[in-house]
Amino acid sequence: MRTRSTALTALAAGLALVVLPVAVAAGPAAAGPAASGTSHGKAPMLSSPSASTSPTPLLNKGGKVLRNSKTYAIYWGTPSAFPSDLVTGMAALLSGFSGSTYLATANQYVGGTATTTYVGALSDTSAPPKSAPSTSALVSEVAKVLAAAGIAPDTNALYLVYTSNLPKVNYCAWHASGTIGATTVQVGYLPNMAGTTGCYPTSAPFASTTPYSYATRAQADNTAHEFMEAVTDPVPPTGWVDKNGAEIGDKCNFVYLAPVTLTGTANVWQIQAEWSNATNACAQTTP
């Protein structure tokens, strides 16, 4: 795996931007976090995975896209409650999107070559909400963590919030947008997959593609879904969606082809395909 070797300076609040999470005391939220747009989620499997796509193209609604994105992983909750290999796995996955043919599927939607940079991981050891957070609550959490670290919100960033718990919800993950101060940001909500088998297949070859635990492999699939949707439809549904409102990941939800090789050493994952207008089909690699 490739990890980001540069760790930024730890702040007095006890939070540092590093590859591994560190404890952080609750810090003040930045002024004015608010939701905007509509959250867009990954639904769970109702049965065995099968293609549920329609051959209708994604349509450009004229909104924002993230041609050059940055990603942050934020771990919210007790560190020991997360899968032990989650932080390492997500660092490999998020770093591996850079320069990959998997990300290149988005080129046709963002007006050129899509690029991404995994900046690093942050951690808030306070308890996440017992029920599913609203978009506003998630944006507020991101604002709090960034303020504690002394990091300004970035309009080109996707802040992926992984929680140590799994509330009773009927989805696997979602992404949305919001504002911190005057800055529009993208957020994703990814609850702990250790408590469910409804968001990722358990059969081969899904168990043998990588050395990671089931929960981390499931989270990689959720992350890929939300990441690609955030790149092509950051403020849903104002970017690229089809006539029914489905995004690049929705149209290929639980559609798997060959294992995906991302940038990095032995960085191979069985993650879902994404919709390609260029091929009028689900694709996991687009030259």
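All of these numbers come straight from a predicted model, not from anything done at the bench.

J.: Let's hear about the pairing of strand β7 (residues 183-190): which residues, and what values?
T.: Where burial is concerned, most of β7 is hidden: 6 out of the 8 residues are buried. Connecting strand β6 (residues 173-180) to the next strand, β7, in antiparallel fashion are 2 residues, including Gly181 with a positive phi near 65 degrees.

J.: Please provide a residue-by-residue account of helix α5 (residues 214-232), values included.
T.: With 19 residues, α5 should reach 27 Å at 1.5 Å per residue; the first-to-last C-alpha distance of 28 Å fits that figure. Here α5 lies mainly inside the structure; 19 of its 19 residues are buried.

J.: Tell me what's going on with the packing of aromatic side chains, and back it up with residues and numbers.
T.: In the structure shown here, the tally under the stated rule is 13 aromatic pairs. Plain terms: the ring middles of Tyr171 and Tyr189 are 6.4 Å apart, the flat faces sit at 70 degrees to each other, and that makes the pair edge-to-face. With Tyr171 in the loop between β5 (157-163) and β6 and Tyr189 in strand β7, this pair connects stretches of sequence that are 18 residues apart. Judged by its relative accessible area of 19%, Tyr171 is buried. Residue class for Tyr189 comes out buried when judged on its relative accessible area of 1%.

J.: Talk me through the nonpolar core; I want residue IDs and the actual numbers.
T.: Among the nonpolar cores identified, the biggest contains 43 residues, and Tyr75, Phe97, Tyr102, Tyr162, Trp269 and Ile271 are the most heavily contacted of them. Among the elements of the structure, β3 (68-76), α1 (86-96), α2 (101-104), α3 (107-110), β4 (115-124), β5 and α5 are those that each provide at least two residues to this core. Residues in contact with Phe97, not counting those within four places in the same chain, are Tyr102, Leu103, Thr116, Ala224, Phe227, Leu262 and Ile271. Counting residues in hydrophobic clusters, the runner-up holds 23 residues, among them Trp76, Val139, Ala143 and Tyr171.

J.: If you had to explain unusual backbone geometry to someone new, which residues and values would you point to?
T.: At the junction of Pro236 and Pro237, the peptide bond is cis and its omega measures out at 0 degrees in the coordinates. Of note, Phe254 is a non-glycine position whose phi angle comes to about 65 degrees, a positive value. Structurally, the position occupied by Phe254 is in the loop between β8 (240-241) and β9 (260-261). Note on Phe254: relative accessible area 6%, which makes it buried. Even without being glycine, Ala266 reaches a positive phi, approximately 50 degrees. Note that Ala266 resides in the loop between β9 and β10 (268-269).

J.: Pulling in residues and values, what's your account of the state of the cysteines?
T.: What is meant by a disulfide is a covalent connection between two cysteines, made through their sulfur atoms. Under the criterion given, the structure shown has 2 disulfides. With its sulfur 2.1 Å from that of its partner, Cys172 forms a disulfide with Cys199. Judged by the sign of its S-S torsion, about -95 degrees, the bond between Cys172 and Cys199 is left-handed. Here Cys199 lies in the loop between β7 and α5 and Cys172 lies in the loop between β5 and β6, a separation of 27 residues in the sequence.

J.: So what about the environment of Ser136? Which residues, and what values?
T.: One can find Ser136 in helix α4 (residues 135-149). Look at Ser136 and you get partly exposed, because its relative accessible area is 32%. C-alpha of Ser136 to C-alpha of Ser177: the two residues are 41 residues apart in sequence and 9.2 Å apart in space.

J.: Outline the pairing of β6, listing residues and values.
T.: Along a regular strand, successive side chains alternate from one face of the sheet to the other. Of all 8 residues in β6, 7 are buried, a share of seventy percent or more. Note: β6 against β7, 7 bridges, orientation antiparallel. Paired with Trp174 across the strands is Tyr189, a residue of β7.

J.: Any details on the environment of Ser208? Residues and values, ideally.
T.: Tracing the backbone shows Ser208 in the loop between β7 and α5. Distance from Ser208 to Trp269, taken between C-alpha atoms, is 9.5 Å for residues 61 residues apart in sequence.

J.: Break down empty space enclosed by the protein for me, with residues and values.
T.: Applying the stated criterion across every chain, the model contains 1 cavity of 30 Å³ or more. Here the largest cavity defines a volume of roughly 40 Å³. Put simply, the parts of the chain that give the lining of the largest cavity at least two residues each are β5 and α5. Among the residues making up the lining of the largest cavity, the classes are represented as 7 nonpolar, 3 polar and no charged.

J.: Give me the lowdown on α4, citing residues and values where you can.
T.: Taking 1.5 Å as the rise per residue, α4 with 15 residues should run 21 Å; its terminal C-alpha atoms sit 21 Å apart, in good agreement. Burial within α4 is extensive, with 11 of its 15 residues counted as buried. Taken as a whole, α4 has its buried residues at Thr135, Leu138, Val139, Glu141, Val142, Ala143, Lys144, Val145, Leu146, Ala148 and Ala149. One or two positions beyond α4, positive phi appears at Gly150, with a value near 70 degrees.

About the criteria used
- Throughout, a residue's number is its position along its own chain's written sequence, starting from 1.
- Local features in this predicted model are restricted to residues whose pLDDT is 70 or higher, and side-chain atom pairs enter the listing and the counts only when it is 80 or higher, whereas totals over whole chains, interfaces and linings include all residues.
- Side-chain measures here rest on the full set of heavy atoms in the structure, leaving out hydrogens and waters.
- A simple rule labels every residue: compare its accessible area, found with a 1.4 Å probe on the protein chains alone, to the largest value its type can have, and call it buried under 20%, exposed over 50%, or partly exposed in between.
- Elements are defined by DSSP. Helices are runs of H or I of four residues or more, strands are runs of E of two residues or more, and each kind is numbered from the N terminus.
- What makes two strands pair is DSSP finding at least two bridges between them.
- Expected span of a helix: the number of residues minus one, times 1.5 Å.
- Two rings from Phe, Tyr or Trp (for Trp, the six-membered ring) form a pair when their centres are within 6.5 Å of each other. A pair whose planes differ by under 30 degrees is stacked, one over 60 is edge-to-face, and the rest are tilted.
- Throughout this description, the term nonpolar core refers to a set of buried Ala, Val, Leu, Ile, Met, Phe, Trp, Tyr and Cys residues connected via side-chain atoms within 4.5 Å.
- Any two residues having at least one pair of non-hydrogen atoms within 4.5 Å are treated as being in contact.
- The definition used for a disulfide is geometric: two cysteine sulfur atoms within 2.5 Å.
- Using a grid of 1 Å spacing that covers the protein atoms alone, one calls a set of points a cavity when a 1.4 Å probe fits there but cannot get out, and a pocket when the set is open and has protein on both sides within 12 Å along at least five of seven lines; lining residues are those with an atom within 4 Å of a point.
- Grid points are joined across faces, edges and corners, and a volume is the space filled by probe spheres set on the points.
- Basically, the charged four are Asp, Glu, Lys and Arg, the nonpolar ten are Ala, Val, Leu, Ile, Met, Phe, Trp, Tyr, Cys and Pro, and anything else, Gly included, counts as polar.

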